[in-house]
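Listed below are the residues making up each chain.
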Amino acid sequence: MLQLVTRIRCWWSLLLLILLSCRSIETERPNMLFVVMDDLGYGQFGIYNDHLTIRDFDPYFTYLVDSLQGYSLEKALEFTKRAIPTMSQLAKEGLIFSRAFTSSNVCAPSRLGMATGILQNRWGIYTNRDCENSGLRPGSHLAERLQGLDYKTAHIGKWHIGKKDNQMVRKLMSQHDLDPDLTLAQIRATYPQLIRDLENQGYFGSVVREQHPLQNGFDYYYGYNYWASQYYNATNVWQDYVHAGKQQGYNTDVFTEQAIDFMEQQLDDKHTFFVQLHYHAVHDSVEPKAPDKYLDHFDAESHELNNFYAHIFGVDSNIGRIIDFLKSRGEYENTLIIFTSDNGAMCGGVYDGHKSGSPLPGNAPYAGQKGTYFQGGIRVPMFMHWPVEIREGAWSDALVSTMDILPTAIEAAGGVVPENIDGKSLFSLYTEESSEPIHDHLVWSGAHSYRWGFLVTRTTKTHANEFGFAPPSWAIIRKDYLLRFTGSLPPGIYLDHISGRGPALIMHHLEKDPAERTDLSEQYPKDFYEMAQLYYETASDFPPPVTWDKEKWREMIDVNVLHAESLIPKNE
């Protein structure tokens with residue numbers, strides 16, 4: 001009898017051990033929060049600029065600020081840190097990436113790369129319009145993998161990777177006995193009231209059903225399929241399949257409340273969650289006044305400077321609200337938080353008379369802005385925070401991409417990362433000692449446009465029409481070097497090449513020459529040639545663009561390694 005009791009006790013002990021083990025495995029699966037800010041520059045996120053001085057600001061950008069707005073450069077640098085106390089703490093306790101890049105210099109293609117882990121050029125997507133006219137392929141959003149792992153998923157905020165629902169336009173035209181195939185430009189010119197009707201009905205934030213978040217890996221959606229949403233009184237926001245009407249409140253606060261409500265519901269129901277929280281801030285235009293509770297933290301004489309960083313502080317404060325919520329539910333330690341931006345800052349002074357781009361430091365110390373393939377257009381802030389796994393703060397100088405974020409989330413959830421994508425999991429960077437690079441190289445293809453910031457003043461054109469003249473461009477980064485091709489410049493457009501210019505290939509050191517002033521082509525011809533050849537091997541099967549100028553795309557593939565020998569130094 002004693003032996004039987006002993007055996008029963010052993011069996012129960014073993015069963016309890018198994019049950020506890022299973023529970024441990026289950027609790028090790030993290031909740032996840034993926035935060036994206038819109039058009040946030042590398043230099044505007046204060047964790048990166050401990051050694052940045054105003055001497056590192058772009059001199060031309062600084063000149064424009066002095067002549068047009070005149071705010072304090074010292075305050076601009078100070079505010080980059082004052083605006084992000086919560087995120088600074090999270091970053092310093094987590095893993096900060098010093099060499100993180102997006103897959104595009106503009107938002108829609110970049111977000112498509114994030115969503116799928118696939119370089120969007122492989123689908124003929126090089127520009128915003130390409131994405132808006134083609135967009136997400138059903139079955140390719142990696143959130144579906146997380147949903148398949150029994151995560152409850154939500155997308156809140158900016159979507160912008162699908163086509164708008166043009167059936168709404170046709171229906172409205174039919175109601176007024178008008179040609180249902182009228183273009184938006186024709187409607188705007190002739191029937192402006194109907195454009196207002198479309199705005200009020202949510203058309204400009206709509207998305208066709210097959211590219212809707214609820215059809216592509218998400219259980220809940222509250223957001224907009226457009227490049228921007230008003231800070232107040234937005235009419236382009238949708239909740240699941242229903243237009244949300246006029247949004248009440250400041251949208252940074254509203255999006256956060258939606259995220260917390262979703263998290264709370266999932267925790268109440270014992271579900272693990274994955275939430276994409278893609279804020280509108282700080283996309284142009286940033287003229288709308290931030291709420292006083294955020295604005296009062298900044299004391300420069302310039303309202304524009306105070307207001308911009310108040311919008312960033314609004315995001316930071318709302319991340320703080322989420323942290324407080326997670327701690328109150330005992331979930332903070334095992335929540336993976338990933339933060340980044342979709343591309344570089346739209347930095348610039350007032351242009352076209354009605355938009356003010358984001359202020360200094362912009363993307364300092366790196367050259368350029370959103371829309372360009374200078375580093376400033378594609379290099380972004382990025383960090384991960386997960387106390388259970390990342391127990392000590394660290395920096396990584398690994399070459400990484402925002403395409404790596406969802407693959408990392410999949411591996412963290414215990415899933416298998418698809419092999420046929422460009423994104424790689426970053427899991428090994430914080431879970432084990434590894435000397436293997438995440439990426440040997442990264443490539444980009446698209447337009448090199450000055451329209452999204454201060455560089456547009458170096459042209460004879462404006463924000464509204466410069467893009468039509470912008471040259472094609474590709475870039476490749478390998479190890480410490482950036483090689484960039486820029487296509488032909490037409491005469492009469494760009495002030496530094498007012499007579500026009502043929503195609504050019506230029507190489508820079510990523511860190512020693514962040515302002516990209518020194519061409520290393522002649523010093524390192526072997527690397528120069530190998531990188532050019534590697535780009536063309538990678539891009540050999542990129543299809544033509546969906547809508548972008550095919551002649552410009554053709555210039556990128558015609559001026560290749562074999563036909564551009566005059567651009568490649570011969571001396572070893």
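Above this text is the structure in question.
What comes next is a walk through the structure.

The rules we used
- Residues numbered from 1 in each chain as written.
- Predicted model: local features only at pLDDT ≥ 70, side-chain atom pairs only at ≥ 80, totals over all residues.
- Heavy atoms only, no water.
- Phe/Tyr/Trp six-rings, centres within 6.5 Å; stacked < 30°, edge-to-face > 60°.
- Buried < 20%, exposed > 50% of the residue type's maximum accessible area, 1.4 Å probe, protein only.
- Lys NZ or Arg CZ within 6 Å of the ring centre and 35° of its normal.
- Disulfide = S-S within 2.5 Å.
- Axes fitted to C-alpha atoms, helices over the stretch in contact; angles between N-to-C directions.
- Helix = DSSP H or I, 4+ residues; strand = E, 2+ residues; numbered from the N terminus.
- Parallel < 35°, antiparallel > 145°, perpendicular 65-115°, else oblique.
- Left-handed = near helix turned anticlockwise from the far one by under 90°.
- Contact = heavy atoms within 4.5 Å.
- Nonpolar A, V, L, I, M, F, W, Y, C, P; charged D, E, K, R; others polar.
- Pairing = 2+ DSSP bridges.
- 1 Å grid on protein atoms, 1.4 Å probe; cavity = no way out; pocket = protein on both sides within 12 Å on 5 of 7 lines; lining within 4 Å.
- Points joined across faces, edges and corners; volume = space filled by probe spheres on them.
- Salt bridge = Lys/Arg side-chain N within 4 Å of Asp/Glu carboxyl O.

**Notes on the packing of aromatic side chains**
On inspection of all chains with the given rule, the structure shows 38 aromatic pairs. A ring pair is formed by Tyr535 and Tyr536, whose centres lie 5.2 Å apart and whose planes are at 80°; its orientation type is edge-to-face. Side by side, Tyr535 and Tyr536 carry an identical accessibility label, which is buried. Through a chain of ring-to-ring contacts, three or more aromatic side chains come together here, namely Phe79, Tyr231, Tyr232, Tyr250, Tyr294, Phe298, Phe308, Tyr309 and Phe313. Sitting over the ring of Tyr241, Arg209 keeps its end group 4.3 Å from the ring centre. Positioned over the ring face of Trp452 is Arg451, at 4.8 Å from the centre of the ring.

**Description of the state of the cysteines**
Summed over the entire model, instances satisfying the criterion amount to 0 disulfides. Looking at Cys107, it has no disulfide partner, and the nearest cysteine sulfur is the one in Cys131, 8.6 Å off. With no disulfide of its own, Cys347 lies closest to Cys107 among cysteine sulfurs, the gap being 15 Å. You can call Cys347 buried: its relative accessible area is 1%.

**Considering the packing of helix α11 (residues 251-268) against helix α13 (residues 303-328)**
Look at α11 against α13: their axes get within 10 Å of each other, and the N-to-C directions meet at 15°. Considering the angle they form, α11 stands roughly parallel to α13. When you trace α11 past α13, the crossing you get is right-handed. Between α11 and α13, the contacting residues are Thr252, Asp253, Thr256, Glu257, Ile260, Met263, Glu264 and Leu267 on the first element and Gly314, Val315, Asn318, Arg321, Ile322, Phe325 and Leu326 on the second. For the contact of α11 with α13, a count of residues per class yields 7 nonpolar, 4 polar and 4 charged.

**Examining the sheet that holds strand β6 (residues 238-239)**
Within a sheet, each strand pairs with its neighbour through backbone hydrogen bonds, oriented either parallel or antiparallel. Across the sheet, 10 strands lie side by side as β7-β6-β5-β4-β8-β1-β9-β12-β2-β13; this open sheet has mixed pairing. Among the strands making up the open sheet, the edge pair consists of β7 (242-243) and β13 (394-396). As defined by bridge partners, strand β2 (residues 95-97) adjoins strand β12 (residues 382-385) across 2 bridges and the pair is classed as antiparallel. When the bridges of β12 are listed, Ile96 appears paired with Phe383. Against the sheet, α11 engages β1 (31-37), β4 (152-158), β5 (220-224), β6 and β8 (273-278), with an angle of about 180° to β8. Against the sheet, α13 contacts β1, β8 and β9 (335-341), and its axis sits at roughly 175° relative to β1.

**Some remarks on the packing of helix α4 (residues 85-93) against α13**
Contact pair α4 / α13: the axes reach a minimum separation of 7 Å and the direction vectors enclose 60°. Of the possible angle classes, the one that applies to α4 and α13 is oblique. On α13, the residues that touch Pro85, Thr86, Met87 and Leu90 of α4 are Phe313, Val315, Asp316, Ile319, Gly320 and Ile323. Here the residues of the contact of α4 with α13 sort into 7 nonpolar, 2 polar and 1 charged.

**As for the environment of Ala108**
One can find Ala108 in helix α5 (residues 107-116). Note: C-alpha distance between Ala108 and Pro472 (364 residues apart in sequence) is 18 Å. Apart from the residues lying within four places of it in its own chain, the contact partners of Ala108 are Asn128, Cys131, His160 and Ile161.

**Here we look at the pairing of β1**
Of all 7 residues that make up β1, 7 are buried, and the element is covered over most of its length. Residues Asn31, Leu33, Val35 and Met37 of β1 are buried on one face, and the alternating residues Met32, Phe34 and Val36, pointing to the opposite face, are buried as well. Relative to β9, β1 runs parallel, the two sharing 7 bridges. Its bridge partner lying in β9, Met32 is registered against Leu336. Relative to β8, β1 runs parallel, the two being bridged by 5 bridges. The partner of Phe34 across the bridge, within β8, is Gln276.

**Looking at empty space enclosed by the protein**
All chains considered together, the criterion is met by 3 cavities of 30 Å³ or more. Size it by volume and the largest cavity reaches roughly 80 Å³. Every residue along the wall of the largest cavity is listed here: Phe34, Arg111, Met114, Ala115, His141, His155, Lys158, Trp159, Ile161, Gln276, His278 and Leu406. For the lining of the largest cavity, the secondary structure elements donating two or more residues are α5, β4 and β8.

**Quick word on the pattern of salt bridges**
Inspection of every chain in the model, using the stated rule, returns 22 salt bridges. Two residues, Asp38 and Arg111, come together in a salt bridge whose shortest N-O distance is 3.7 Å. In this pair, Asp38 is assigned in the loop between β1 and α2 (59-68) and Arg111 in helix α5, connecting sequence segments 73 residues apart. Residue classification places Asp38 among the buried residues on the basis of a relative accessible area of 0%. Where Arg99 meets Asp480, a salt bridge forms, and the shortest distance between an N and an O atom there is 3.7 Å. Pair noted here: Arg99 is in the loop between β2 and β3 (100-101) and Asp480 is in the loop between β16 (472-478) and β17 (481-486), with a separation of 381 residues, a long-range link. Among the residues examined, Arg99 registers a relative accessible area of 11% and is labelled buried. A residue is classified by how much of its surface remains accessible, and Asp480, at 35% relative accessible area, is partly exposed. Connected through salt bridges with shared partners, the residues Asp38, Arg111, Lys158 and Asp342 form a single ionic network.

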